[in-house]
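Below are the chains, spelled out letter by letter.
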Amino acid sequence: MNPVFYILAALTVVGGLAAVLLKNLVHCALALTVAFAGLALLFLELDAQFAGFAQILVYIGAVAILVVFAILLTRGSDTPKKEIGVFSRTWFAGLVVAAAVFAVLAWAVLLSAGGLPHEAGVPVVTTQQIGQALMGRYVLPLEIVALLLTAATIGAVIVAMHEKEGAK
Amino acid sequence: MNPLSGYLLVAALLFAIGLAGALTRRNAILVLIGIELMLNAANLNLIAFWRYGPHPEALTGMMFAIFSIAVAAAEAAVGLGLVISIYRHAKTTDLDQMNRMKG
């Protein structure tokens with residue numbers, strides 16, 4: 001374990017914690033971007049260059065901007081009254097469930113740590129290989145994902161489209 | 001510590017943070033942010049297993065993560081469209097106030 005991993009892991013976890021804990025929604029979106037950037041750097045640290053840069057393009061470039069757009073379009077709802085707070089009525093149950101999930105996952109990981117593979121050789125994977133795999137062996141999933149993205153984009157536009165007054 | 005278990009622990013922690021956010025926040029957009037964090041934690045697991053697995057040149061884990069990123073982007077677009085739609089209808093994104101199915 002090198003120190004770079006610890007720094008990136010701390011950055012990612014702190015960003016994620018801030019994203020779910022902060023009161024101001026815009027601050028949450030910014031913290032989410034930090035968490036996404038930390039994850040992209042962790043991907044690069046794992047020698048997955050293509051996935052790392054795809055993460056930067058898709059998450060930091062698109063999803064974070066989409067979240068900011070949604071926050072600004074639903075403004076007026078983001079100033080919760082002081083007595084209610086930002087957490088729901090059943091926050092304690094949710095916290096217990098999340099803590100239990102983490103406890104089980106961490107227990108499983110630590111229990112199986114001896115059987116996990118140790119340091120492997122650095123895999124040499126070029127973007128050309130990934131492109132050839134996408135166009136060859138994975139061409140059907142690629143087409144299905146393309147169809148899914150088109151359908152999801154059209155569906156999102158239709159769902160969010162403004163309904164005109166008096167229109168059917 | 002085993003490098004793979006380090007990445008798996010970080011992913012588990014991130015997943016738990018996202019789950020806690022999705023279960024405890026009142027705002028619908030924050031719930032979506034929590035779901036995105038959980039999806040990203042799963043992607044980190046996939047990439048880590050690909051990196052330390054026996055056959056990284058087969059690219060299976062990497063491909064799984066790339067397709068998962070694409071599906072998560074579609075999910076984010078539809079989810080945020082739904083939030084904007086329901087905000088226009090109910091003038092709130094507070095999930096505790098959305099307590100009826102009828103419009």
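For clarity, every value in this text was computed on a predicted model and none was experimentally measured.

Rules used in this analysis
- Residues numbered from 1 in each chain as written.
- Chains lettered and ligands numbered in written order.
- Predicted model: local features only at pLDDT ≥ 70, side-chain atom pairs only at ≥ 80, totals over all residues.
- Heavy atoms only, no water.
- Helix = DSSP H or I, 4+ residues; strand = E, 2+ residues; numbered from the N terminus.
- Buried < 20%, exposed > 50% of the residue type's maximum accessible area, 1.4 Å probe, protein only.
- Contact = heavy atoms within 4.5 Å.
- Polar contact = N/O pair within 3.5 Å; in protein donor to acceptor, adjacent residues only side chain to side chain.
- Patch = residues over 30% accessible without salt bridge, like charges linked within 9 Å, V, L, I, M, F, W, Y side chains within 5 Å.
- Areas by Shrake-Rupley, 256 points an atom, 1.4 Å probe, with all protein chains shown as cover.
- Salt bridge = Lys/Arg side-chain N within 4 Å of Asp/Glu carboxyl O.
- Buried area = accessible area lost by both parts, 1.4 Å probe.
- Expected span 1.5 Å × (residues − 1).
- Axes fitted to C-alpha atoms, helices over the stretch in contact; angles between N-to-C directions.
- Parallel < 35°, antiparallel > 145°, perpendicular 65-115°, else oblique.
- Nonpolar A, V, L, I, M, F, W, Y, C, P; charged D, E, K, R; others polar.
- Phe/Tyr/Trp six-rings, centres within 6.5 Å; stacked < 30°, edge-to-face > 60°.
- Core = buried A, V, L, I, M, F, W, Y, C linked by side-chain atoms within 4.5 Å.

Student: In this structure, what is going on with the overall build of chain B? I would like to understand it.
Tutor: Secondary structure assignment for chain B yields 3 helices and 0 strands. For chain B, the succession of helices and strands along the chain, N to C, is α-α-α. In terms of overall dimensions, chain B has a C-alpha envelope of 55 × 25 × 15 Å along the principal axes. Here chain B holds 103 residues, and the buried ones make up 64% of them. Within chain B, residue pairs in contact and separated by at least 24 positions form 58% of the contacts whose partners lie at least 6 positions apart.

Student: Where do I start with the side chain of B:R26 in this structure?
Tutor: Within the secondary structure, B:R26 is located in the loop between α1 (3-24) and α2 (28-52). Of note is the side chain of B:R26, whose polar atom sits 3.3 Å from the backbone oxygen of A:F87.

Student: Hey, could you run me through a nonpolar patch on the surface in this one?
Tutor: Residues and elements named next belong to chain A. On the surface, a nonpolar cluster with roughly 650 Å² of combined accessible area is contributed by L17, L21, F87, W91, F92, L95 and V96. Elements supplying a minimum of two residues to the nonpolar patch: α1 (3-21) and α4 (91-111). Of all the elements, α4 adds the most residues to the nonpolar patch, at 4 residues. Topologically, L95 is positioned in helix α4. Under the relative-accessibility criterion, L95 is labelled partly exposed at 41%.

Student: I'm lost on the interface of chain B and chain A in this one. Help?
Tutor: In many analyses, interface size is given as the accessible surface area lost on bringing the parts together. Listed as interface residues are 66 residues of chain B and, on the opposing side, 83 residues of chain A. With both sides pooled, the region where chain B packs onto chain A buries about 6,800 Å², and carbon together with sulfur makes up 78% of that total. If you look at where chain B meets chain A, you find 1 salt bridge. Ionic pairing is found between B:R51 and A:D47, a salt bridge with its closest N-O pair at 2.8 Å. The interface formed by chain B and chain A holds 9 residue pairs in polar contact (both at pLDDT 80 or more) in total. Mapped onto the side of chain B that touches chain A, the elements with two or more residues apiece are α1, α2 and α3 (60-90) of chain B. Per-element tally for the side of chain B that touches chain A: the top contributor is α3(B), with 22 residues.

Student: How do you make sense of unusual backbone geometry when you look at a structure like this?
Tutor: Peptide bonds are trans in most cases, and residues, glycine excluded, mostly fall at negative phi. Backbone geometry at A:D47 places phi at a positive 65°, although glycine is not the residue there. Within the fold, A:D47 resides in the loop between α2 (25-45) and α3 (49-73). Residue class for A:D47 comes out buried when judged on its relative accessible area of 18%. Of note in this structure, B:L59 is not a glycine but carries a positive phi near 70°.

Student: Can you walk me through the pattern of salt bridges in this structure?
Tutor: Any two side chains of opposite charge can pair, on the condition that their charged atoms come close. Residue and element names in this part refer to chain B. Taken as a whole and assessed by the stated rule, the structure comprises 2 salt bridges over all chains. R26 is the partner of D94 in a salt bridge, and the nearest nitrogen-oxygen pair spans 2.9 Å. Of this pair, D94 sits in the segment after α3 while R26 sits in the loop between α1 and α2, placing them 68 residues apart in sequence.

Student: Looking at this model, I keep getting lost on α3(B). Mind explaining?
Tutor: It helps to recall that an α-helix has 3.6 residues per turn; residues three or four apart then point in one direction. Spanning 31 residues, α3(B) covers 44 Å between terminal C-alpha atoms, matching the ideal 45 Å at 1.5 Å per step. Of the residues flanking the end of α3(B), it is B:K91, one or two places downstream, whose phi is positive at about 60°.

Student: What's the story with the packing of α3(A) against α3(B) in this structure? I'm lost.
Tutor: Helix packing for two helices is described by the angle between their axes and how far apart those axes are. Contact geometry for α3(A) and α3(B): axes closest at 10 Å, N-to-C directions at 5°. It follows that α3(A) is roughly parallel to α3(B) by the angle criterion. Across from A:F50, A:A51, A:Q55, A:V58, A:Y59, A:V63, A:L66, A:V67, A:A70 and A:L73 in α3(A), the residues of α3(B) making contact are B:M62, B:I66, B:I69, B:A72, B:A73, B:A76, B:A77, B:L80, B:I84 and B:Y87. Within the contact of α3(A) with α3(B), the residues separate by chemical class into 19 nonpolar, 1 polar and no charged.

Student: So what exactly am I meant to see when it comes to the packing of aromatic side chains here?
Tutor: Working definition: an aromatic ring pair is given by the centre-to-centre distance plus the angle between the planes. All names here are of chain B. If you walk through the whole model with that rule in mind, you get 5 aromatic pairs over all chains. Ring centres of Y7 and Y52 lie 6.4 Å apart, and the angle between their planes is 35°; this geometry places the pair in the tilted category. Of the two residues, Y7 sits in helix α1 while Y52 sits in helix α2, which places them 45 residues apart along the sequence. Residues Y7 and Y52 agree in their burial class; the two are buried.

Student: Got a minute to help me understand the nonpolar core in this structure?
Tutor: A general feature of soluble globular proteins is that nonpolar side chains tend to end up buried together. Ranked by internal contacts, the top residues of the largest apolar core, which has 64 residues, are A:V67, B:L44, B:I47 and B:M62. Looking at this core, the elements with two or more residues in it are α1, α2, α3 and α5 (127-135) of chain A together with α1, α2 and α3 of chain B. Not counting the four nearest positions on each side in its chain, B:M62 is found in contact with A:A48, A:F50, A:A51, A:I130, B:I47 and B:W50. Counting 6 residues, the second-largest nonpolar core is a separate cluster that includes A:A98, B:A20, B:A22 and B:M38.

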